[in-house]
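Report on the structure
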Amino acid sequence: MLFLNEAVDEAAASAYTSLWASLLPVGREAGTGGYRRFAWNAADLACREWFRGAAADRGLTVETDRNGNLWAWWGAKGPGAVVTGSHLDSVPDGGAFDGPLGVVSSFAAIDVLRARGFRPGKPFAVACFADEEGARFGVACAGSRLLTGALDAERARALRDLDGVTMREAMERADQDPEALGADPERLAGIAAYVELHVEQGKALVHTESPIAVASSIWPHSRWRFDFLGEANHAGTTRLEDRRDPMLTYANTVLSARKKARQGGAVATFGRMVVEPNGTNAIPSRVTAWLDVRAPSDEVLAAVTEEIVDAAVARSDRDETDIRAERESHTPIVEFDQVLRNRMAGTLRPSFGAVPVLPTGAGHDAGILAAAVPTAMLYVRNPSGVSHAPGEHADDRDCLAGVTALADVLQELAQ
Ligand SMILES: [Zn+2]
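Conventions and cut-offs
- Residues numbered from 1 in each chain as written.
- Predicted model: local features only at pLDDT ≥ 70, side-chain atom pairs only at ≥ 80, totals over all residues.
- Heavy atoms only, no water.
- Helix = DSSP H or I, 4+ residues; strand = E, 2+ residues; numbered from the N terminus.
- Rg over C-alpha atoms; globule rule 2.2 N^0.38 Å.
- Buried < 20%, exposed > 50% of the residue type's maximum accessible area, 1.4 Å probe, protein only.
- Contact = heavy atoms within 4.5 Å.
- Areas by Shrake-Rupley, 256 points an atom, 1.4 Å probe, with all protein chains shown as cover.
- Polar contact = N/O pair within 3.5 Å; in protein donor to acceptor, adjacent residues only side chain to side chain.
- Phe/Tyr/Trp six-rings, centres within 6.5 Å; stacked < 30°, edge-to-face > 60°.
- Lys NZ or Arg CZ within 6 Å of the ring centre and 35° of its normal.
- Donors = N, O, S within 2.8 Å, 3.2 Å for Na, K, Ca; no water.
- Expected span 1.5 Å × (residues − 1).
- Arc of directions from axis to C-beta.
- Pairing = 2+ DSSP bridges.

Section: the overall build of the protein
For the protein, the count of helices and strands is twelve helices and 15 strands. Taken over the C-alpha trace, the protein has a radius of gyration of 23 Å; the compact-globule value for 415 residues is 22 Å, and the two agree within 12%. Taken along the three principal axes of its C-alpha coordinates, the protein extends 80 × 50 × 40 Å. Counting across all 415 residues of the protein, residues that qualify as buried make up 54%. The contacts in the protein between residues at least 6 apart in sequence include a share of 77% that link residues at least 24 apart. Put simply, the protein shows about 17700 Å² of open surface, and 50% of that area lies on carbon and sulfur atoms.

So this is what it looks like as structure tokens:
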């Protein structure tokens, strides 16, 4: 079945198109076509200015909370609020859609609701969360984690970027008070529902008739550090049988991770490594590498990770190398609010039919807020599945469907 076409609201089209066009050039790198909107840098500050402008154009009242998150209120701020939004920062050379699509769609949805003559019966806000990607200071969803208390303020202030600048210094330079950072339970208690629209970061919808999906869960996620220890020696004169080569153990561990993930229905990635001494003509003494593992359930994640570690240990015995494996972080599964999900599915059915329900392997502010607030997500189809790269894309038609769907959901929640 198919929805849109004539059903696409004129208000959605014009609001979405002009908002999108005004945000698109902000912080785009000419060389790569990607974005470097990192927390509190010039491009990020320009995005925050853009947010204030879009809110002002709609007569919304903007406030910055103690953690640097922006809130644009339609009408008076108050308890029982319906909140929508996303983030505007990016990964290095990130795409245009991850984050911004949710913020643009939120403002466009307000225009659609106004065009329908709707006025919210509840407090209503568009939120823009600070530092979602963690590209600069290494902690993803810093703004929402600080808000819920999942990230300690003292720890956050001391985080450093690659140039040695602390979050404290970066915030001070941006006229944001770092001393104010910290959990804000009062603000959270005032939110009745948070709905985040986001570009899909995979290809599940491309094989369906539906331009949108409702999120079911966010996969649990672990990061591990592996140190493979061997013996540095001459690349020309050391016989193969005399070597203790940690690169060999590492290489086999990469292959094992791929195999165990495939067999277990998980994903596993070695995306970062450091080699010592890092010489072309020297057998390495040490390889340090970081493993990212994600799976549909906490049980599968634990089982697959254990198999990868076991395989690495077995291989190191064979190579006569040593190995240390240490878990650096773990994020348990997030199940989005079942009542809210069902209500959204019911609201969307008349216009969109039975909307697919999808899990995702990507983290979001919505996943952090879900610990404190009834939370849901809407995904917009991404035809290539590419994300966190300049090729990230969603078709205008699908984005407009997303705006309409978000407006439908917000109208139902805020009536
Ligand atoms: Zn995002």
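What about the side chain of Ser90?
Assignment of secondary structure puts Ser90 in the loop between strand E3 (81–87) and helix H3 (100–115). Among the polar contacts made by the side chain of Ser90, one reaches the main-chain carbonyl oxygen of Tyr35 at a distance of 3.0 Å. Apart from residues no more than four positions distant in its own chain, Ser90 is found in contact with Tyr35, Arg36, Arg37, Phe38, Glu133 and Ala135.

What about the packing of aromatic side chains?
A full pass over the atoms with the stated rule returns twelve aromatic pairs. Measuring from ring centre to ring centre gives 5.1 Å for Trp74 and Phe124, while their planes differ by 75°; the resulting arrangement is edge-to-face. On the criterion of sequence distance, the pair formed by Trp74 in strand E2 (residues 70–74) and Phe124 in strand E4 (residues 124–129) is long-range, its members being 50 residues apart. Ring geometry for Phe226 against Phe228: centres 5.8 Å apart, planes inclined by 15°, an arrangement best described as stacked. Across the pair, Phe228 and Phe226 agree in class, each one buried. Through pairs of rings, three or more aromatic residues link up here, namely Trp71, Trp73, Phe129 and Tyr194. Over the ring of Trp71 we find Arg187; its NZ or CZ atom is 4.9 Å from the centre of that ring. The lysine or arginine in question, Arg272, covers the ring of Trp290, its NZ or CZ lying 3.8 Å from the ring centre.

Side note on the coordination of the zinc ion
His87 (NE2), Asp98 (OD) and His198 (NE2) make up the full set of protein donors to the zinc ion, lying at 1.9 to 2.2 Å. Counting gaps between the donor residues of the zinc ion yields the pattern H-x10-D-x99-H. Of the two residues, Asp98 is situated in the loop between E3 and H3 and His198 in strand E5 (residues 191–199); the sequence distance between them amounts to 100 residues. Assessed through its relative accessible area of 4%, Asp98 is described here as buried. Overall, His198 belongs to the buried group, its relative accessible area being 1%.

What to know about helix H9 (residues 298–319)
In an α-helix, one turn spans 3.6 residues; hence positions three or four apart end up facing the same way. Between the first and last C-alpha of H9 there are 32 Å, a value that for 22 residues agrees with the 32 Å anticipated at 1.5 Å per step. If you check which residues of H9 are buried, you get Leu301, Val304, Thr305, Ile308, Val309, Ala311, Ala312, Arg315, Ser316 and Asp319. Viewed end-on, H9 has its buried residues packed into an arc of 155°, placing them on one side of the element. Exposed and oriented more than 90 degrees from the buried face of H9 are Glu299, Glu306, Asp317 and Arg318. Check the buried side of H9 and you find it contacts strand E7 (221–229), helix H8 (246–264), strand E9 (267–276), strand E11 (286–294) and strand E12 (322–331). One or two steps after H9, the chain reaches Glu320, where phi turns positive at roughly 55°.

Re the pairing of strand E6 (residues 212–218)
In terms of burial, E6 is a largely internal element, seven of the seven residues being buried. For E6 and strand E15 (residues 375–380), the ladder comprises three bridges, and the chain directions are antiparallel. Among the inter-strand pairings, Val214 is bridged to a residue of E15, identified as Leu378. In this sheet, strand E14 (residues 357–360) lies alongside E6 in parallel orientation, the contact comprising four bridges. Note on E14: the bridge partner recorded for Ala215 is Leu358.

Examining the environment of Asp98
The spacing of Asp98 and Asp398 is 300 residues in sequence and 15 Å in space, taken between C-alpha atoms. Here the side chain of Asp98 touches Gln201 through a polar contact of 3.0 Å, side chain to side chain.

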